[in-house]
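One-letter residues, chain by chain:
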Protein chains: 2
Amino acid sequence: MPPNLQPVFRALGDPTRRDILRMLGQEPMTIAEVSEHFDMTRAAVKKHLVMLSDGGLIDVKPRGREKVNSLNAAALKPVFDWLSWFDKFWDDRLDALKTAIEKDQSHDTGRHND
Amino acid sequence: MPPNLQPVFRALGDPTRRDILRMLGQEPMTIAEVSEHFDMTRAAVKKHLVMLSDGGLIDVKPRGREKVNSLNAAALKPVFDWLSWFDKFWDDRLDALKTAIEKDQSHDTGRHND
DNA sequence: TTGACATGATACTTTTAGGTATCATATAAA
DNA sequence: TTTATATGATACCTAAAAGTATCATGTCAA
């Protein structure tokens, strides 16, 4: 039931793709715009974008003849959760904060303010 | 001098290695013990352990003719920091908590580079 | 000291990743 | 409509990952 982590971790395993995520965190971009930032062909960038999309890390939306890629940061949460399992090995204050976060996420659906 | 994230993300990109990390989170194990949990040869498991070691995610310590592998969870912190950059896309309370954590960790210079 | 055993090291195979080059298609613009 | 352009798709190349099999080495134990 939990989303399959593998495509997400695999997508994060490449530095170009991590850079792309950061870039899209600044603003949505077309494939051509993303490609301008890298010393590789558009086709290569496109492959990276497909992998990012496979991991659910980006949303792709057509705009005329273009495709606009935007960050879907929510797909990173499962990774964050996976990492949180190891918090018990870190320091106590950090652990306390992370526990609070986890509890916070446990009633994640339809959240509203008290 | 921020640690190079790539070996860490690469190590996390394989499901077998992620499983190994959790196993070692329970207790340190020899190579043979780790291998018992997987349907592959000891040599294959050994390769995974080398990659985990390359990422600094495990410590390997000789004990007689054995090698004991133990989790080094601290090596996951940079990943956590990298992910934290995206918190601004999550909800506000979570962002506040994570900001606190980052401030808590602000000893190490130069986060957010890769 | 001999043998058993845990690990190291190497060579080999197969699959996947990352990349290029090229051509096809759909849309915008003239 | 014609042409330019943004993207899609395919074939291909190279390198790295993931795995096996095999043999060497170091250490414990009888």
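Below, the structure is looked at part by part. Since the structure is predicted, the reported quantities are computational estimates derived from the model, not experimental observations.

**Some thoughts on the overall build of chain A**
(1) Moving on: Counting its secondary structure elements, chain A contains six helices and three strands.
(2) Moving on: When the helices and strands of chain A are listed from N to C terminus, the series reads α-α-β-α-α-β-β-α-α.
(3) Moving on: Counting only contacts in chain A whose residues sit at least 6 apart along the sequence, the fraction spanning at least 24 positions is 50%.

**Focus on the protein's contact with DNA strand D**
(1) Moving on: The environment of DNA strand D is made up of 20 residues, and the closest members are Lys-67 of chain A together with Arg-10, Thr-41, Lys-47 and His-48 of chain B.
(2) Moving on: For DNA strand D, the fraction of atoms within 4 Å of the protein that belong to sugar or phosphate moieties is 63%.
(3) Moving on: Within the backbone of Ala-32 of chain A, one N or O atom sits 3.0 Å away from a phosphate oxygen of DNA strand D.
(4) Moving on: Contacts to DNA strand D include Asp-14 of chain B, whose side-chain N or O atom sits 3.2 Å from a phosphate oxygen.
(5) Moving on: Mapped by element, the contributors of at least two residues to the surface near DNA strand D are helix H3 (31-36), helix H4 (42-54) and strand E3 (66-71) of chain A together with helix H4 (42-54) of chain B.
(6) Moving on: The dominant element in the surface near DNA strand D, judged by the number of residues it contributes, is H4 of chain B, at five residues.
(7) Moving on: When its residues are assigned to classes, the surface near DNA strand D shows six nonpolar, four polar and 10 charged.

**Things to note about the sheet that holds strand E1 (residues 29-30) of chain B**
All names here are of chain B.
(1) Moving on: One open sheet accounts for three strands, arranged E1-E3-E2; its pairing is antiparallel. Every interior strand has two partners, whereas the edge strands, E1 and strand E2 (58-63), have only one.
(2) Moving on: Here E2 runs beside strand E3 (residues 66-71); their pairing, made up of six bridges, is antiparallel. Looking across to E3, one finds that Lys-61 is bridged to Val-68.
(3) Moving on: Where helix H2 (residues 15-26) meets the sheet, its contacts fall on E1, E2 and E3, and the angle it forms with E3 comes to roughly 95 degrees.

**Details of H2 of chain B**
(1) Moving on: Here H2 of chain B contains 12 residues, and its C-alpha end-to-end distance of 17 Å stays within 8% of the 16 Å for a straight helix at 1.5 Å per residue.
(2) Moving on: Two or three places before Thr-16 of chain B, at the opening of H2 of chain B, Asp-14 of chain B has a side-chain oxygen 2.8 Å from that residue's backbone nitrogen.

**Let's talk about the packing of helix H1 (residues 5-12) of chain B against helix H5 (residues 77-84) of chain B**
All names here are of chain B.
(1) Moving on: Running from N to C, H1 and H5 point in directions that differ by 95 degrees, and their axes come no closer than 10 Å. One element, H1, and the other, H5, form an angle in the roughly perpendicular class. Contact residues: Leu-5, Val-8, Phe-9 and Leu-12 in H1; Pro-78, Val-79 and Trp-82 in H5.
(2) Moving on: Grouping the constituent residues of the contact of H1 with H5 by class yields seven nonpolar, no polar and no charged.

**Looking at the sheet that holds E3 of chain A**
Residue and element names in this part refer to chain A.
(1) Moving on: Strand order in this open sheet of three strands is E1-E3-E2, and the pairing throughout is antiparallel. Two strands lie at the open edges of the sheet, namely strand E1 (29-30) and strand E2 (58-63), each paired on one side alone.
(2) Moving on: Of the strands in this sheet, E1, E2 and E3 are in contact with helix H2 (residues 15-26), which crosses E3 at around 95 degrees.

**Details of the nonpolar core**
(1) Moving on: In terms of nonpolar packing, the biggest core is built from 57 residues, with Leu-12, Leu-21 and Leu-57 of chain A together with Leu-12, Leu-21 and Leu-57 of chain B touching the most fellow members.
(2) Moving on: Not counting the four nearest positions on each side in its chain, Leu-21 of chain B is found in contact with Trp-82 and Phe-86 of chain A together with Leu-12, Leu-52, Leu-57, Ile-58 and Leu-71 of chain B.

**A closer look at the protein's contact with DNA strand C**
(1) Moving on: Taken together, 20 residues are adjacent to DNA strand C, and Arg-10, Thr-41, Lys-47 and His-48 of chain A together with Lys-67 of chain B come closest.
(2) Moving on: Here DNA strand C approaches the protein such that, of its atoms within 4 Å, sugar and phosphate make up 64%.
(3) Moving on: Residue Arg-65 of chain A places a side-chain N or O atom 3.4 Å away from a sugar or linking oxygen belonging to DNA strand C.
(4) Moving on: Elements represented by at least two residues in the surface near DNA strand C include exactly H4 of chain A together with helix H3 (31-36), H4 and E3 of chain B.

**As for the pairing of E3 of chain B**
On a regular strand, each side chain points to the face opposite its neighbour's, so the side chains alternate between the two faces of the sheet.
Residues and elements named next belong to chain B.
(1) Moving on: Relative to E3, E1 runs antiparallel, the two sharing two bridges. Considered in E3, the bridge of Thr-30 is made with Val-68.
(2) Moving on: In textbook terms, the turn of a hairpin is the stretch between consecutive antiparallel strands, and for E2 and E3 this stretch comprises two residues, one of which, Gly-64, has a positive phi near 65 degrees.

**A look at the environment of Val-34 of chain B**
Residue and element names in this part refer to chain B.
(1) Moving on: Checked against the element boundaries, Val-34 lands in helix H3.
(2) Moving on: Taking the relative accessible area as the measure of exposure, Val-34 reaches 0% and is therefore buried.
(3) Moving on: Setting aside its immediate chain neighbours within four residues, Val-34 contacts Ile-20, Met-23, Leu-24, Met-29 and Val-45.

Thresholds, definitions, all that
Residues numbered from 1 in each chain as written. Chains lettered and ligands numbered in written order. Predicted model: local features only at pLDDT ≥ 70, side-chain atom pairs only at ≥ 80, totals over all residues. Heavy atoms only, no water. Helix = DSSP H or I, 4+ residues; strand = E, 2+ residues; numbered from the N terminus. Contact = heavy atoms within 4.5 Å. Near = heavy atom within 4 Å. Polar contact = N/O pair within 3.5 Å; in protein donor to acceptor, adjacent residues only side chain to side chain. Nonpolar A, V, L, I, M, F, W, Y, C, P; charged D, E, K, R; others polar. Pairing = 2+ DSSP bridges. Axes fitted to C-alpha atoms, helices over the stretch in contact; angles between N-to-C directions. Expected span 1.5 Å × (residues − 1). Parallel < 35°, antiparallel > 145°, perpendicular 65-115°, else oblique. Core = buried A, V, L, I, M, F, W, Y, C linked by side-chain atoms within 4.5 Å. Buried < 20%, exposed > 50% of the residue type's maximum accessible area, 1.4 Å probe, protein only.

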